[in-house]
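# Per-entry structural report
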Amino acid sequence: MAEPPTEALVTNLRYRSAWVAICEAYLRQISDPEVRALLEAMQEVEQEAVETLAALLRQRDISPMHVGSDERLLRQALNRRSDDARVNFIRQGLIASQKWYQSQAAETPEAAELWRELAEEQAALARRFAGLLSWQEEG
């Protein structure tokens, strides 16, 4: 499998690291057990992605410790004041990441397999969050 450009790996590591921090913050704020279970699942998915991306960067002699996270995304997430707004923010973020992965796969078809692998679990989480939102609207 061909590797994606370093810049795309760094960008994705920053993004996924921010989502780990967002999940941690939201787990301190949200009490609904169903939402918490989804957040815990998402945090695990995001942490695994961070580890994969960090390993790929280390192979290129780039320290993942210096990459950091997407602070703008983290600030946007922390500005959400209600549980519904937080859940919707996550769902929208997961949808946006799917579009990003699709564009990366199109730009570097030789690395599309990696982008698909990283996107698959996020897509499943997006569907679960969408289902949770529709269930809450009905209830």
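What you see is a predicted model, and the numbers here were worked out from it, not measured in a lab. (Residues numbered from 1 in each chain as written. Predicted model: local features only at pLDDT ≥ 70, side-chain atom pairs only at ≥ 80, totals over all residues. Heavy atoms only, no water.)

Glancing now at helix α2 (residues 33–59). Helix length check: α2, at 27 residues, gives a terminal C-alpha distance of 39 Å against a target of 39 Å (1.5 Å per residue), a fit within 8%. Near the N-terminus of α2, the side chain that reaches the backbone nitrogen of Glu34, with its oxygen 2.8 Å away, is that of Asp32. At the exit of α2 stands Asp61, carrying a positive phi of roughly 60 degrees. (Helix = DSSP H or I, 4+ residues; strand = E, 2+ residues; numbered from the N terminus. Expected span 1.5 Å × (residues − 1). Polar contact = N/O pair within 3.5 Å; in protein donor to acceptor, adjacent residues only side chain to side chain.)

Let us now look at unusual backbone geometry. Look at Asp61: it is not a glycine, yet its phi comes out positive at around 60 degrees. Relative to the assigned elements, Asp61 resides in the loop between α2 and α3 (71–78). What makes Asp61 exposed here is its relative accessible area of 75%. (Buried < 20%, exposed > 50% of the residue type's maximum accessible area, 1.4 Å probe, protein only.)

Each aromatic ring pair is specified by the distance between its two centres and by the angle formed by the two planes. Taken as a whole, this structure holds five aromatic pairs when the rule is applied. A ring pair is formed by Trp100 and Tyr101, whose centres lie 5.4 Å apart and whose planes are at 75 degrees; its orientation type is edge-to-face. Looking at Trp100, the relative accessible area reads 24%, which means it is partly exposed. On the numbers, 5.2 Å between centres and 85 degrees between planes, the contact of Trp100 with Trp115 is edge-to-face. Taken together, the residues span a long stretch of sequence, with Trp100 in helix α4 (residues 83–107) and Trp115 in helix α5 (residues 112–138) at a distance of 15 residues. Trp115 sits in the buried class, given a relative accessible area of 1%. Through a chain of ring-to-ring contacts, three or more aromatic side chains come together here, namely Tyr15, Trp19 and Phe89. Just above the ring of Tyr26 sits the side chain of Arg86; from NZ or CZ to the centre is 5.8 Å. (Phe/Tyr/Trp six-rings, centres within 6.5 Å; stacked < 30°, edge-to-face > 60°. Lys NZ or Arg CZ within 6 Å of the ring centre and 35° of its normal.)

This part takes up the confidence of the model for the protein chain. A low pLDDT score tells you not to read the predicted coordinates there in detail. Residues of the protein chain with pLDDT of at least 70 account for 94%, and the chain-wide mean is 90. By mean pLDDT, the top-scoring element of the protein chain is α3 (97), and the lowest-scoring one is α5 (81). (pLDDT = per-residue confidence, 0-100.)

Take the pattern of salt bridges next. Taken as a whole and judged by the stated rule, the model has two salt bridges. Of the charged contacts, one joins Arg16 and Glu46 as a salt bridge, the two residues approaching to 2.4 Å between their closest N and O atoms. Of this pair, Arg16 sits in helix α1 (residues 6–29) while Glu46 sits in helix α2, and the two are 30 residues apart along the sequence. Accessibility classification places Arg16 together with Glu46 in one group, the buried group. (Salt bridge = Lys/Arg side-chain N within 4 Å of Asp/Glu carboxyl O.)

Following both chains from N to C, one finds α1 and α4 inclined at 165 degrees, their axes separated by 12 Å at the closest point. In terms of orientation, α1 and α4 fall into the roughly antiparallel class. As for the relative orientation of α1 and α4, their crossing is left-handed in sense. Between α1 and α4, the residues in contact are Ala8, Thr11, Asn12, Tyr15, Arg16, Trp19, Ile22, Tyr26 and Gln29 and Asp83, Arg86, Phe89, Ile90, Gly93, Ser97, Trp100, Tyr101 and Gln104, respectively. Residues of the contact of α1 with α4, tallied by class, amount to nine nonpolar, six polar and three charged. (Axes fitted to C-alpha atoms, helices over the stretch in contact; angles between N-to-C directions. Parallel < 35°, antiparallel > 145°, perpendicular 65-115°, else oblique. Left-handed = near helix turned anticlockwise from the far one by under 90°. Contact = heavy atoms within 4.5 Å. Nonpolar A, V, L, I, M, F, W, Y, C, P; charged D, E, K, R; others polar.)

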